[in-house]
Amino acid sequence: MNQVALVVHEGKLAALRGDDPRDLLRWALRERGDPPPKVYATTSDDPGGQAVRTALADGARLVVVCGGDGTVSACAAALAGTGIPMAVVPIGTGNLVARNLGVPRDPAEAVAVAVNGVDQAVDVGRLDDGVMVGMAGAGLDAAMVQDAPHRLKRRIGWPAYVVSLVRHLADRGFAATVEVDGHLTRHKHIRTVVIGNVGALHGGISLFPDARPDDGVLEVAILAPRTVLGWASVVVHLMRGQGRSPAVEQLRGRHIVVRAQRPLRREADGEPLADAPVLDVRVAPKALLLRLKEPLGP
């Protein structure tokens with residue numbers, strides 16, 4: 001019988017309505033004749049990485065992560081390359097990774113996947129600050145994530161990001177070079193750069209329609225509208241998912257380096273990174289074993 005570890009973000013769990021995922025997992029494992037999970041809580045000093053390392057030292061053969069994208073990312077950083085699968089019970093604000101990978105939002109369904117699902121190797125993006133499972137960004141993207149009102153996030157979820165986005169639409173752009181697999185391009189007025197391992201944003205918008213989390217490459221979007229009104233054409237372009245916009249440039253590669261002339265606001269999987277003039281992301285192909293409802297399609 002394999003030991004299961006449950007890493008829990010207790011702050012987000014406290015706001016959850018309905019059955020406690022800890023109880024759901026205990027019941028599901030009991031039905032299989034397996035021992036109860038060992039529970040490890042995240043803390044303000046440890047968003048999940050140290051909890052996972054402790055769980056692995058205790059003999060865990062499956063790590064179930066109960067939290068949002070930030071908890072998932074921190075746990076993934078500790079699990080990448082270990083061969084130990086990670087399952088997700090999404091209880092965060094955005095849950096962007098879970099949505100893109102088909103993990104059920106309902107805790108009971110997510111626990112069923114954790115216990116009975118299939119293991120799928122997926123890529124991660126490695127940064128100096130950890131890993132990226134879903135998306136990372138610099139500029140407006142990071143400002144939106146960092147400044148979303150906390151109380152509003154608790155009340156209405158991901159639409160709170162829209163409020164923050166509107167506040168930052170008029171922020172000044174930045175000059176930067178974007179290097180993709182050694183090929184360098186120069187840009188004078190970037191508003192945001194997003195690097196993605198998955199494709200879909202919230203609200204039904206697909207930033208990277210062709211993204212696959214297991215193809216060994218990362219997607220890059222350079223958004224550079226000149227005015228606030230220019231964002232309208234960008235949104236139309238993304239919602240249609242076709243055609244070209246002069247304000248959107250898309251690339252793909254294995255190693256992406258964004259270098260600006262000043263420190264930028266940065267984020268990875270919805271968690272703030274320290275401001276810095278460089279965002280450096282390198283793909284680690286199929287480094288993370290994720291437990292999913294079914295295998296990823298062709």
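Computed from a predicted structure; not experimentally measured.

Caption draft 1: Summary view of the overall build of the protein. Along the protein, the regular secondary structure elements total 10 helices and 14 strands. Every one of the 298 residues in the protein was classed for burial, and the buried ones make up 54%. Long-range contacts, defined here as pairs at least 24 residues apart, represent 69% of the contacts in the protein between residues at least 6 apart. Summing over all exposed atoms, the protein offers an accessible surface of approximately 14100 Å²; the carbon and sulfur share of this is 50%.

Caption draft 2: Expanded view of helix 7 (residues 140-147). Burial within helix 7 is extensive, with seven of its eight residues counted as buried. Of all the positions in helix 7, only Leu140, Asp141, Ala142, Ala143, Met144, Val145 and Gln146 are classed as buried.

Caption draft 3: Examining unusual backbone geometry more closely. In this structure, Asn95 takes a positive phi of about 50° despite not being glycine. For Asn95, the position within the fold is in the loop between strand 4 (86-90) and helix 5 (96-100). The class for Asn95 is buried, based on a relative accessible area of 2%.

Caption draft 4: Up close: the pattern of salt bridges. The full count for this structure, using the stated rule, is nine salt bridges. One salt bridge connects Arg252 with Asp215, and the closest N-O pair in it is separated by 3.3 Å. Placement of Arg252 in strand 12 (residues 248-253) and of Asp215 in the loop between strand 10 (192-196) and strand 11 (218-223) is noted, with a sequence separation of 37 residues between them. Judged by relative accessible area, Arg252 falls into the partly exposed class, the value being 45%. Between Arg252 and Glu219 there is a salt bridge whose closest N-O contact spans 2.7 Å. Taken as a pair, Arg252 in strand 12 and Glu219 in strand 11 lie far apart in primary sequence, 33 residues in all. Classification of Glu219 by relative accessible area gives buried; the value is 7%. Three or more residues are tied together by salt bridges with common partners; here these are Glu10, Asp20 and Arg22.

Caption draft 5: Looking closely at helix 2 (residues 21-31). Every buried residue of helix 2 is accounted for by Pro21, Leu24, Leu25, Ala28 and Leu29. Along the axis of helix 2, the buried positions cluster into a sector of 125°, meaning they face one direction only. Of the exposed residues in helix 2, the ones pointing more than 90 degrees away from its buried face are Arg30 and Glu31. Looking at the buried residues of helix 2, the elements they touch are strand 1 (4-8), helix 1 (10-14), strand 3 (62-67), strand 4 and helix 6 (107-116). Downstream of helix 2 by one or two residues, Gly33 has phi in the positive range, about 80°.

Caption draft 6: Representation of the packing of helix 3 (residues 49-57) against helix 4 (residues 69-79). The geometry of helix 3 relative to helix 4 is characterised by a closest axis approach of 8 Å and an angle of 40° between their N-to-C directions. In this view, helix 3 runs oblique relative to helix 4, as classed from their interaxial angle. Regarding helix 3 and helix 4, the two cross each other, and that crossing is right-handed. Residues Gly49, Val52, Arg53 and Leu56 of helix 3 touch helix 4, and the partners they reach there are Ala74, Cys75, Ala78 and Leu79. Broken down by class, the residue content of the contact of helix 3 with helix 4 amounts to six nonpolar, one polar and one charged.

Caption draft 7: The arrangement of the packing of helix 2 against helix 6 in detail. Between helix 2 and helix 6, the least distance of the axes is 10 Å, while the angle of their chain directions is 40°. Put simply, helix 2 runs oblique to helix 6. Crossing angle aside, the handedness with which helix 2 passes helix 6 is right-handed. Between helix 2, through Pro21, Leu24, Leu25, Ala28 and Leu29, and helix 6, the contact on the second element is made entirely by Pro107, Ala108, Val111 and Val115. Along the lines of polarity and charge, the residues of the contact of helix 2 with helix 6 split into nine nonpolar, no polar and no charged.

Caption draft 8: Highlighting the nonpolar core. Counting residues in each nonpolar core, the largest one holds 49 residues, and the members touching the most others are Leu25, Val63, Val64, Met86, Val124, Leu288 and Leu290. Contact partners of Val64, with chain neighbours within four places excluded, come to Val4, Ala5, Leu6, Val7, Leu25, Ala87, Val89 and Ala114. Counting residues in each nonpolar core, the second largest holds 23 residues, with Ile195, Ile256, Val258 and Ala260 among its members.

What counts, and at which threshold
- Residues numbered from 1 in each chain as written.
- Predicted model: local features only at pLDDT ≥ 70, side-chain atom pairs only at ≥ 80, totals over all residues.
- Heavy atoms only, no water.
- Helix = DSSP H or I, 4+ residues; strand = E, 2+ residues; numbered from the N terminus.
- Buried < 20%, exposed > 50% of the residue type's maximum accessible area, 1.4 Å probe, protein only.
- Contact = heavy atoms within 4.5 Å.
- Areas by Shrake-Rupley, 256 points an atom, 1.4 Å probe, with all protein chains shown as cover.
- Salt bridge = Lys/Arg side-chain N within 4 Å of Asp/Glu carboxyl O.
- Arc of directions from axis to C-beta.
- Axes fitted to C-alpha atoms, helices over the stretch in contact; angles between N-to-C directions.
- Parallel < 35°, antiparallel > 145°, perpendicular 65-115°, else oblique.
- Left-handed = near helix turned anticlockwise from the far one by under 90°.
- Nonpolar A, V, L, I, M, F, W, Y, C, P; charged D, E, K, R; others polar.
- Core = buried A, V, L, I, M, F, W, Y, C linked by side-chain atoms within 4.5 Å.

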